[in-house]
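# Observations on the three-dimensional arrangement
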Amino acid sequence: EKIPNSFFVIVGDGNERLEIEKLIDKMELTDSVLITGWVKNTYEYIQTFDVAMLLSRWEGFGLAAVEGMAAGKPVIASNVSGLAEEVRGGGLLFSKGNSEELADAIKFLLEDETKYQQVKEACIKRSNCYSIEKMVKNYIKLY
């Protein structure tokens, strides 16, 4: 289902790009989706988003999720190791591969400005757990 007044940007590249492009064509969404390919600095894109989504099947560390939260964007992420730990307590999580849960999370944010702002503020607060100052303090404590 197409979300009115929406545009999706897929930042990055990967083995499934051709399959994704075919699906975009099949669903007649070419005017609503952009795939950037590999980019060195995602920050410029993140600034234009209303919502940052990470739909990973697996993740080592969800740096992109932390960057999205730090940029003041509500984050929706798949509930997988490497993302759940970073996003929990800030953004919204959905079951990996469950498109209905993902759609519900998007609607939850975009249909209610109060909920959007609450998640946005929670994301900013959560991102502070990953500040450089805290990392340095923890390294000093470790040594």
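Above this text is the structure in question.
Structure report, in brief. For clarity, every value in this text was computed on a predicted model and none was experimentally measured.

So, on to the pairing of strand β2 (residues 33–37). Of the two faces of β2, the one holding V33, I35 and G37 is buried and the one holding L34 and T36 is not buried anywhere. A crossover links strand β1 (residues 8–11) with its parallel partner β2, the connecting element being helix α1 (residues 17–26), and its sense is right-handed.

The pairing of β1 with β2 spans four bridges and is parallel. By the bridge assignment, I10 is partnered in β2 with I35.

Look at helix α6 (residues 113–127): 21 Å from first C-alpha to last across 15 residues, which is about the 21 Å you get at 1.5 Å a residue. Among the residues making up α6, those that are buried are Y116, V119, C123, R126 and S127. Looking down the long axis of α6, one finds its buried residues gathered within 95° of arc, a one-sided arrangement. Residues of α6 that are exposed and angled more than 90 degrees away from the buried face: E113, T114, Q118 and K125. Packing partners of the buried residues in α6 comprise α3 (63–70), β4 (75–78), α4 (84–87), β5 (92–94) and α5 (99–110). In this structure D112 caps α6, since a side-chain oxygen of it lies 2.9 Å from the backbone nitrogen of T114.

The next point concerns the sheet that holds β5. Within a sheet, neighbouring strands are paired by backbone hydrogen bonds and run either parallel or antiparallel to one another. Read from one edge of the open sheet, three strands run β3-β4-β5, paired in parallel fashion. At either end of the open sheet lies a strand with only one pairing partner, and these are β3 (52–54) and β5. Ignoring which end each strand starts from, the neighbouring axes of this sheet average 15° apart. With three bridges connecting them, β3 and β4 associate as parallel partners. Bridging from a neighbouring strand, A52 pairs with V75 of β4. α5 contacts β3, β4 and β5 of the sheet and is inclined by roughly 160° relative to β5.

With that settled, consider the nonpolar core. In this structure, V75, I76 and L109 are the most contacted members of the largest nonpolar core, which totals 24 residues. Put simply, the parts of the chain that give this core at least two residues each are β3, α3, β4, β5, α5 and α6. With four residues, the top contributor of residues to this core is α5. Aside from chain neighbours lying at most four places away, what touches V75 is A52, L54, A65, G68, M69, V87, G91, L92 and C123.

We now examine the pattern of salt bridges. Evaluated as defined, the whole model comprises four salt bridges. R17 is paired through a salt bridge with E21; the nearest N and O atoms lie 2.9 Å apart. Here the residue R17 and the residue E21 both occupy positions in helix α1, the gap between them amounting to four residues, near one helical turn. Here R17 falls in the partly exposed class, since its relative accessible area comes to 25%.

Assignment of secondary structure puts S78 in strand β4. Under the relative-accessibility criterion, S78 is labelled buried at 1%. It is 6.4 Å that separates the C-alpha atoms of S78 and L54, two residues lying 24 residues apart in sequence. If we ignore the near neighbours within four places in the chain, the residues touching S78 are L54, L55, S56, L83, A84, L93, F94 and K96. Of note is the side chain of S78, whose polar atom sits 2.4 Å from the backbone oxygen of S56.

Thresholds, definitions, all that
Along each chain, residue indices are assigned from 1 in the same order as the chain's sequence is written. This being a predicted model, a pLDDT of at least 70 is required before a residue's local features are given, and a value of 80 or more before pairs of side-chain atoms are given or counted; all residues contribute to the totals for chains, interfaces and linings. Calculation of side-chain values draws on the structure's entire complement of heavy atoms; hydrogens and water are dropped beforehand. For the exposure calls, accessible area comes from a 1.4 Å probe over protein chains only, and a residue counts as buried if that area is under 20% of its type's maximum, exposed if over 50%, partly exposed in between. Secondary structure elements are taken from DSSP: a helix is a run of H or I of four residues or more, a strand is a run of E of two residues or more, and numbering for both begins at the N terminus. A clockwise course of the path from the first strand over the helix to the second, judged with the strands pointing away from the viewer, identifies a crossover as right-handed. Being paired, for any two strands, means DSSP has found at least two bridges between them. One less than the residue count of a helix, multiplied by 1.5 Å, gives the span that helix is expected to have. Directions pointing from the helix axis toward each C-beta atom define the arc. By definition in these notes, contact holds between two residues if any of their heavy atoms fall within 4.5 Å. Any pair of nitrogen or oxygen atoms within 3.5 Å is treated as a polar contact; in protein, a donor-acceptor pairing is required on top of that, and neighbouring residues in sequence qualify only through side-chain atoms on both sides. Think of each axis as a best-fit line through the C-alpha atoms, taken over the contacting stretch in the case of a helix, with angles from 0 to 180 degrees between the N-to-C directions. Residues grouped as a nonpolar core are buried Ala, Val, Leu, Ile, Met, Phe, Trp, Tyr and Cys residues, joined through side-chain atoms within 4.5 Å. In the sections that follow, a salt bridge refers to a side-chain nitrogen of Lys or Arg positioned within 4 Å of a carboxyl oxygen of Asp or Glu.

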